[in-house]
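Chain by chain, the residues:
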Amino acid sequence: MTVDEKLTRNAFKPDEESHISLDEAVCRSRCTERYCVRVCPAALYAWSEEGDRMVVEHAGCLECGTCLVACSHGALAWRYPRGGRGVQYRYG
Amino acid sequence: MERFDAIVVGAGPAGTTAALVLARSGLRVALLERGAYPGAKNLMGGVLYTEVLASLVPDFRERGAPLERYVARRGLSILSAGAETALSFQTGAWDAPPHNHGYTVLRARFDRWYAGLAEEAGAELVCGVGVDRLLADGDGTTCGVAVRMPADASPAEGELRAPVVILADGVNSVLAEAAGLRPKPRPGHVALGIKETLALPRETIEDRFGLAGDQGVAWTYVGEATGGRRGAGFLYTNRDTLSVGLVVYAADLADSDVAPAELLDRFKEHPAVAPRLRDAEPLEYGAHLVPEGGYDRVPPLARDGLLLAGDAAGLVGASPRPQGSNYAMASGELAARAVLEAREAGDFSAAALSRYRDLLAESFVLKQLEHHRDWPGFVERNPHVFASWPAALTALVEAALRQDGREPQQREAELWDLFQRRVGVLPLATTAVQLRNALRILGYGKTDRLVEYLARNW
């Protein structure tokens, strides 16, 4: 089962504004590890070769915060989706 | 601008307990939750241990607490790629209330019900509000919070004031970080929990796991469950769902080429696990961090006008039997008691609120954390316990049980050889001593304490 298939079972109330912002310059030039890609349980991070930048798809975010902890370059800024938005666990 | 006697940020077990206790004492308390409802952002394995709940709400069962099943059987499986060695325990003693105080729960349901109790007691629950920052007066004393209202509300922002704020905003407590109370956690000090909730008819669950009525199972898996990474897999039975997932140290995920979701799929497909999940339909996929730092990572818990409770304070019992939601409830209750005493004295300074730390130190919360303070270090220094020893154990058991016409001496020689190659006398002995010290068992005494003290303060 792909991550996307897993995520489609979830209830989300998307926030149009992304709550995750990346320091593109740091991702491009300083970061070689790309821990965010490895740790994200929703597989939201991907390095785009053609765009030469890190791309993050905020809409499927499970709001766990692992990317924040894993990023050793401090390139991630994160605030929770606006109140009431984002993932809505029905079971938890 | 609204004025309260106390503001609690986060309607999880810690925050709701704090609000409940404060509201019962007649305070005007705001309970702020960023989710659309309490529990919308919350997730655990999970078993809730109910001693604290029972002391606060003795009739929680009669009041319809959404408990799934009581834990009638516990098990531990050691997995290699294709084999399982298991231990399980069950006793009729757990079949009668209070059922050894252990129930499986689904947090979205439980937290919503529990916050309802705080509301009934008079707490003002507001959902869908994000707390942006703490408000401070001239000398830095916290005096309220700045909130973002729900997406379509007007005005979009607001301020709430109170002489004291209890932060129970969870493991990622960005507010506690912004307040300088704790650093950003390091990947070695948190674990990622990922979990699927799967639908399975009630009768199927009971037949498959051999359960009657409200009996349930809590099963832990180590070794191949996490692909040898530090952490464990879990399987819990709920009423008509299963909770299946993994808890893995973030540091090990950062070093891993296998994505967390893929790791979970591998666990679900393991020959020891797959039959237990057969025909179960995925309902939800969630993830949440777990504080694993233990006693030595507990931050300062109070400053002028501010207290930290639950996961925000790292108050999770990192141990071989990890627990958290009951610690959260206990810390919420004690934070509330400290607030009540401070209010009595008319003093919300850090010095007055430091009473909270004393109360925690007298309670099981810090006692148990302190007792297991070396567990995180043990896990850090002994990755082989998770990585290579589980498969070594199953190989030994397999060799011991194999029917192949060997003579007894040959069998024993093979076992000894296997043991020496895959475990070794010296590694086993050093790990065993470390484990004994980390768990403070087998006659751990004054000399050990002295050695430990010296090592820590070297």
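Residues numbered from 1 in each chain as written. Chains lettered and ligands numbered in written order. Predicted model: local features only at pLDDT ≥ 70, side-chain atom pairs only at ≥ 80, totals over all residues. Heavy atoms only, no water.

Chemist: Help me understand a nonpolar patch on the surface in this model?
Modeler: A cluster of nonpolar residues, B:Leu450, B:Tyr453 and B:Leu454, forms a patch on the protein surface that exposes about 340 Å² of accessible area. By the element assignment, B:Leu450 lies in helix α18 (residues 446–456). (Patch = residues over 30% accessible without salt bridge, like charges linked within 9 Å, V, L, I, M, F, W, Y side chains within 5 Å. Areas by Shrake-Rupley, 256 points an atom, 1.4 Å probe, with all protein chains shown as cover. Salt bridge = Lys/Arg side-chain N within 4 Å of Asp/Glu carboxyl O. Helix = DSSP H or I, 4+ residues; strand = E, 2+ residues; numbered from the N terminus.)

Chemist: What should I look at first to understand the nonpolar core in this one?
Modeler: Grouped burial of nonpolar side chains is what soluble globular proteins tend to show. Ranked by size, the top nonpolar core spans 82 residues in total, and within it B:Ile7, B:Val145 and B:Tyr356 carry the most contacts. It is helix α9 (residues 325–345) of chain B that provides the largest number of residues to this core, a total of ten residues. Apart from the residues within four sequence positions on either side, B:Val145 is in contact with B:Ile7, B:Val9, B:Leu32, B:Val131, B:Arg133, B:Leu134, B:Leu135, B:Gly158, B:Glu159, B:Leu160 and B:Val165. The next biggest cluster of nonpolar side chains, apart from the first, holds 64 residues, and it includes A:Cys36, B:Leu43, B:Ala225 and B:Leu246. (Core = buried A, V, L, I, M, F, W, Y, C linked by side-chain atoms within 4.5 Å. Buried < 20%, exposed > 50% of the residue type's maximum accessible area, 1.4 Å probe, protein only. Contact = heavy atoms within 4.5 Å.)

Chemist: Got a minute to help me understand unusual backbone geometry in this structure?
Modeler: Most of the time, phi is negative for any residue but glycine, and the peptide bond is trans. With an omega dihedral of -5°, the bond running from B:Gly45 to B:Gly46 counts as a cis peptide bond. Tracing the chain through its elements places B:Gly46 in the loop between β3 (29–33) and β4 (47–49). Cis peptide bonds are those with omega within 30 degrees of zero, and the linkage from B:Pro97 to B:Pro98 qualifies with 5°. Mapped onto the fold, B:Pro98 is located in the loop between β6 (84–90) and β7 (102–105). Of note in this structure, A:Glu63 is not a glycine but carries a positive phi near 60°. You can see A:Glu63 is positioned in the loop between β4 (53–56) and α4 (66–70). Under the relative-accessibility criterion, A:Glu63 is labelled buried at 5%.

Chemist: Sorry, what's going on with the interface of chain A and chain B here?
Modeler: Chain A puts 34 residues into the contact, and the matching count from chain B is 54 residues. Carbon and sulfur atoms make up 51% of the surface buried where chain A meets chain B, a total of about 3800 Å² over both sides. It is A:Val69, A:Tyr89 and A:Tyr91 in chain A that bury the most area against chain B; as a group they hold 22% of the surface buried on that side. Between chain A and chain B we count seven salt bridges in total. The salt bridge involving A:Lys6 is made with B:Glu196; its shortest N-O contact spans 2.6 Å. Remark: the boundary between chain A and chain B carries 28 residue pairs in polar contact (both at pLDDT 80 or more). The set of elements that each furnish at least two residues to the side of chain A that touches chain B consists of α1 (3–8), α3 (35–39), α4 and β6 (86–88) of chain A. For the side of chain A that touches chain B, the element with the most residues is α4(A), which contributes four residues. (Buried area = accessible area lost by both parts, 1.4 Å probe. Polar contact = N/O pair within 3.5 Å; in protein donor to acceptor, adjacent residues only side chain to side chain.)

Chemist: How should the sheet that holds strand β10 (residues 142–148) of chain B be read in this particular structure?
Modeler: Within a sheet, neighbouring strands are paired by backbone hydrogen bonds and run either parallel or antiparallel to one another. One open sheet holds the four strands; their spatial order is β1-β11-β10-β9 (chain B), and the pairing between them is mixed. Two strands lie at the open edges of the sheet, namely β1 (2–3) and β9 (130–136) of chain B, each paired on one side alone. (Pairing = 2+ DSSP bridges.)

Chemist: What am I meant to see in the packing of aromatic side chains here?
Modeler: Here a ring pair, both rings aromatic, is described through the centre-centre distance and the interplanar angle of the planes. Inspection of every chain in the model, using the stated rule, returns eleven aromatic pairs over all chains. Relative to B:Phe267, the ring of B:Tyr221 lies with its centre 5.2 Å away and its plane at 70°, an arrangement referred to as edge-to-face. Of this pair, B:Tyr221 sits in strand β14 (residues 215–223) while B:Phe267 sits in helix α7 (residues 260–269), placing them 46 residues apart in sequence. Taken individually, B:Tyr221 and B:Phe267 each receive the classification buried, so the pair is uniform in this respect. Over the ring of A:Tyr80 we find B:Arg34, and its NZ or CZ is 3.4 Å from the ring centre. Seen from the ring of B:Tyr37, B:Arg112 lies directly overhead, with NZ or CZ sitting 4.2 Å from the centre. (Phe/Tyr/Trp six-rings, centres within 6.5 Å; stacked < 30°, edge-to-face > 60°. Lys NZ or Arg CZ within 6 Å of the ring centre and 35° of its normal.)

Chemist: Is there a simple way to explain the pairing of β14(B) in this structure?
Modeler: Along any regular strand the residues' side chains alternate between the sheet's two faces. Residue and element names in this part refer to chain B. The buried fraction of β14 amounts to eight of the nine residues, a majority that puts the element mostly inside the structure. Summarising the sheet, β14 and strand β15 (residues 231–237) pair through four bridges and their orientation is antiparallel. Considered in β15, the bridge of threonine 220 is made with phenylalanine 234.

Chemist: Honestly, the domain arrangement of chain B in this entry has me stumped. Any pointers?
Modeler: Where the parts come together, the accessible area they lose is often given as the size of the interface. Residue and element names in this part refer to chain B. Domain annotation of chain B identifies domain 1 (2–66 + 106–183 + 299–371), domain 2 (187–291) and domain 3 (381–457). One C-alpha centre belongs to domain 1, the other to domain 2; they are set 28 Å apart. Roughly 1100 Å² is buried in total at the junction of domain 1 and domain 2, and carbon and sulfur atoms are behind 69% of that figure. The largest contributions to the domain 1 side of the interface with domain 2 come from Leu43, Leu106 and Val171, which together make up 48% of the buried area. Per-class residue counts for the side of domain 1 that touches domain 2 are six nonpolar, five polar and two charged. (Domains from an automatic or database assignment. Nonpolar A, V, L, I, M, F, W, Y, C, P; charged D, E, K, R; others polar.)

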